[in-house]
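# Working through the structure, step by step
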Amino acid sequence: MKISCLQENLARGLSTVGRAVAARSTLPVLSNILFETDEGRLRLAATNLEIGISSWIGARVEEEGRITVPARLLTEFVNSLPPAPIDIELAERTQTLNLKCARYEANIKGIDASEFPEVPTAETIGGRNNLHLEADNFRQMIEQAVFAAATDESRPILTGVLAKFHQGGLTLAAADGFRLAVTSADVGVDLDESAKVIIPARALSELARISDGEEDDIELIITPNRNQILFHLGNTDVVSQLIDGNFPDYNQIVPKAHSTRTILGTQDLLKAVKVAFLFARDAANIIRFNIVPGSELSPGQLVITGTSAEYGDNVSEIDASIEGEGIEIAFNARYMIDALTVVGTNEVALETSTASSPGVIRPVGGTDFLCVIMPMHITR
Amino acid sequence: MPIRLLPPDVAGKIAAGEVVERPASVVKELVENSIDAGAAEVRVEIREGGQRLIRVGDNGRGIPEDEVALAFARHATSKLTDVSDLDQIETLGFRGEALASIAAVSQVTLLSRPREQAVGQHLRVEGGQVVRQEGRGSPAGTVVTVEHLFRNVPARLKFLRQPQTEAGHIHSIVTNYALAYPGIRFSLTSDERLVFQSSGNGQLYDVLIAIYGLDLAEQLLEIEGAGNGQETEASHPAVAVSGFVSTPALHRANRRYITLFVNRRWIQDNSLSHAVAQAYHGMLPVGRHPLAVVLLDMDPTEVDVNVHPTKREVRFRNGRLVFGAVQRAVRRTLVEQAPVPSLGQRPQSWIVPDQFAAARDWQRRQALMAAGRDAAGRDAADDAQLALELRRAQGELQPVGPVRLPLLRVVGQVGQTYVVAEGPQGMYLIDQHAAHERVLYERMLADHNEQEVTSQTLLEPATLDLDPMLSGVLGEHLASLNRVGFALEPFGRSSYLLRAIPSILAAQGAMAGSDAREIMVDILEMLQQGDDPLADRAEERLIAAVCKRAAVKAGQTLSAEEMQQLVRQLEQCESPRTCPHGRPTVLHFSAQQLEKEFGRR
């Protein structure tokens, strides 16, 4: 292999694929990045066997070839180079990659590329259901769902995000044991049949990161046996395993009715919750909402309290427009902050019924999003 | 008071106390009689945990007409003729005390017909006296009905636990016999509901499925072949070991799940349970126990079962040999068969070339083998040396001085288990799990005393389907559980609905890879272990169990901030030096001690 490319391009490519490199693996080759010439371009690829990322960068190819090199060393070396062309040459016999850039030169020992697992690309995956989604729109949906996915592995299904395609629309849903987020949008997809897949939340987070600033649509391919999904961007492919199983029926969890609807400024509420959180941190994050409907003379109010037995307490008041009866209810501040951060509208509605039934956060106007948060209790 | 002979009814009740402790003992004696009678089917029926009624029916040999009345006399048995038979016991019973003892403390009705007789005998015994005997039509076999157990012994009655708990004990008796005799069809009906049934097809594995369910049974490994003791005793092994043991991925919070049988007799033997547990050396997390069903077959002359009236304990002529045989057989099974632990349902590797999968397997196998050598290869001398060092270390390490801890500076973490810290008096080693347990315990206890325990509602309520034993434990502690932050409600017979959990369990990372259901089962198992009759202590014990579950585990890497936080919180504790279970949280090496060890003084 003998190629040359620009330092900026190589650095960008390495940072794109770098997130898929396995952090700790019993298989040494997984902490490497694949270098491969591919039809006049350089393909970089990494995988941890759960997700895989391939990225193509422009290069002048004089001689074809492939090799894998340690990700961390290579990335840190390339990032330290000046913005200039890099000449890369592989010594086949010793499996050593030689890099020359301005007055810097390095030899990095690699592992034979035949030991590297095959990372499927849009061409090789052989899938169907090719769908096109607008990048910005899809990224916002991902942000509105992934935060609610479970981080611990007790129920593997819940570490994923349910993606449901239906008549022109897409719904994403995620839940851990205590909250649920659902977001839907009309994405103009034309599908004959509805399709449901569960995508690991981590793969979607990576996709959201990589697609930032992407102008083209994201093309989406699901393999025929429905065990992998591939997202094709301009120069990058992200492929992920799908999680097998049945996602809980979230429609049953979303309350059908409410007795109080409180409309608040999103930023006002977020700020007050964050302040209360400072005090609630060592009391299981519990913050109390006291919703007081207004009268003809005074506006309605939401009073938020955070209490620490050890350090003290805090009370904040926010004006709110309240329909229905007053109520006292407690939530985990962290769950509130997560939901309010992604709601994306200036005003937000909190729907509640009783102190022991779920609270629902919805945007006022804007996207079709909701977050169900289970309340906390004080046992007396 | 002059010395005199006790009247027979008093002596009878005293002797009965040794054999019949609780309803489960009655079931045990009657089921053993059925098995000794060569039954192919044993039906057990109980009401109100056996206190109201116990009925054991079989299709065995039956009792001939002329012997029926004698069956209830003390020391009357058909299983033994002279004292030399005691060395060759092949039946489960032999003392001739069971029926007499049961009859002394309850009302017994016996209906029995030997196959060759046309008419069965119906016999009613009250307070040890036969009150009626008559011929009556009956199916072949024997049905014994025991009613109003302990009604005439108020002292015993007082100590009976809740019917659910007693039913749980009976359930484990019946399932244990089903394990020992897979060829007999057992059924157990409690309050007119069938709670257990084995097929009687002779397959131990099928019985295991009936008891533990298919999911769990799939994680059991069959003990391979005859684990021989020593080759010295002729060609055939002195002790044959068979049964099933769990893979290292499956473990339980207590030892109740190690079930042992000697010559098909269910026994309790701490040293053999230990032999099983030791075979898992290094494979299970600390404080966890395997699930195992181990059957030993040996020459009856090698084992003395006539040690205790209930025959729960036995004595081996060569205990070490038996211990070794069990330990080796289990260990070999584990090393040869234990699969690579599965990572839940994490997506499988999709495209690893085959040779890598093989290589990884090999590595795992090597590691297992090495662990095996380590456990087996360390000889007694090493052990003694180790014990000595431990004792020396204990003598020298000062338990940390004043009650409160001084201000500490965190230095680092050792073995992902201990936090190393520095204070004005020298070095401190802190057990992260024990310390966190203490912190959570004091916080939760304070909340509990001020009635401020917080709980987090679950998104979906979890249904708990428990075995009768655990559902008994839950029933007993239901009110306490709800007071410490769980929200549980009965949901059918032995099921409960879990709607909320204490918020310290809901905190990030506290679940450590298990769902609410598994956590609940763990806590119930912890509760089951202790037998603390004081109700107010029970609630503290419950809080301790919750905190144990929620605390950071050994083996978890902590960030510098997390360690700092933990040490700060421990400093705030009322009694920071021990965990709620009494183990030390902190070891202290004084500056002088360090200087001395390094020869600076």
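Below, the structure is looked at part by part. (Residues numbered from 1 in each chain as written. Chains lettered and ligands numbered in written order. Predicted model: local features only at pLDDT ≥ 70, side-chain atom pairs only at ≥ 80, totals over all residues. Heavy atoms only, no water.)

Now for the pattern of salt bridges. Residues and elements named next belong to chain B. Applying the stated criterion across every chain, the model contains 29 salt bridges over all chains. In this structure, the salt-bridge partner of Glu126 is Arg124, at a minimum N-O distance of 3.2 Å. In this structure Glu126 comes out as partly exposed when scored by relative accessible area, which is 33%. Between Glu147 and Arg124 there is a salt bridge; the shortest N-O distance is 3.8 Å. (Salt bridge = Lys/Arg side-chain N within 4 Å of Asp/Glu carboxyl O. Buried < 20%, exposed > 50% of the residue type's maximum accessible area, 1.4 Å probe, protein only.)

With that out of the way, let us pick up the pairing of strand β4 (residues 51-58) of chain A. Residues and elements named next belong to chain A. With seven of its eight residues buried, β4 lies for the most part within the structure. In terms of strand pairing, strand β3 (residues 41-47) meets β4 through seven bridges, oriented antiparallel. Counted as the bridge partner of Arg43 is Trp56 from β4. Between β3 and β4, which pair antiparallel and follow one another directly, the connecting turn spans three residues, one of which, Leu49, has a positive phi of 75°. (Helix = DSSP H or I, 4+ residues; strand = E, 2+ residues; numbered from the N terminus. Pairing = 2+ DSSP bridges.)

All names here are of chain A. Helix α4 (residues 201-210) packs onto helix α3 (residues 135-146) with a crossing angle of 140° between their chain directions and a minimal axis gap of 10 Å. Overall, the two elements α3 and α4 adopt an arrangement that is oblique. In this structure, α3 meets α4 at a crossing whose hand is left-handed. Of the residues in α4, those touching α3 at Phe138, Arg139, Ile142 and Val146 are Ala201, Leu204, Ser205, Leu207 and Ala208. Partitioned by chemical class, the residues of the contact of α3 with α4 number seven nonpolar, one polar and one charged. (Axes fitted to C-alpha atoms, helices over the stretch in contact; angles between N-to-C directions. Parallel < 35°, antiparallel > 145°, perpendicular 65-115°, else oblique. Left-handed = near helix turned anticlockwise from the far one by under 90°. Contact = heavy atoms within 4.5 Å. Nonpolar A, V, L, I, M, F, W, Y, C, P; charged D, E, K, R; others polar.)

Once that is clear, we can look at helix α5 (residues 163-180) of chain B. The terminal C-alpha atoms of α5 of chain B, which comprises 18 residues, lie 26 Å apart, in line with the 26 Å expected from a rise of 1.5 Å per residue. Buried residues dominate α5 of chain B, accounting for 14 of its 18 residues. (Expected span 1.5 Å × (residues − 1).)

Throughout the structure, instances matching the rule amount to one cavity of 30 Å³ or more. The volume enclosed by the largest cavity comes to roughly 50 Å³. When its residues are assigned to classes, the lining of the largest cavity shows four nonpolar, three polar and three charged. (1 Å grid on protein atoms, 1.4 Å probe; cavity = no way out; pocket = protein on both sides within 12 Å on 5 of 7 lines; lining within 4 Å. Points joined across faces, edges and corners; volume = space filled by probe spheres on them.)

All quantities given are derived from atomic positions and should not be read as evidence of function.
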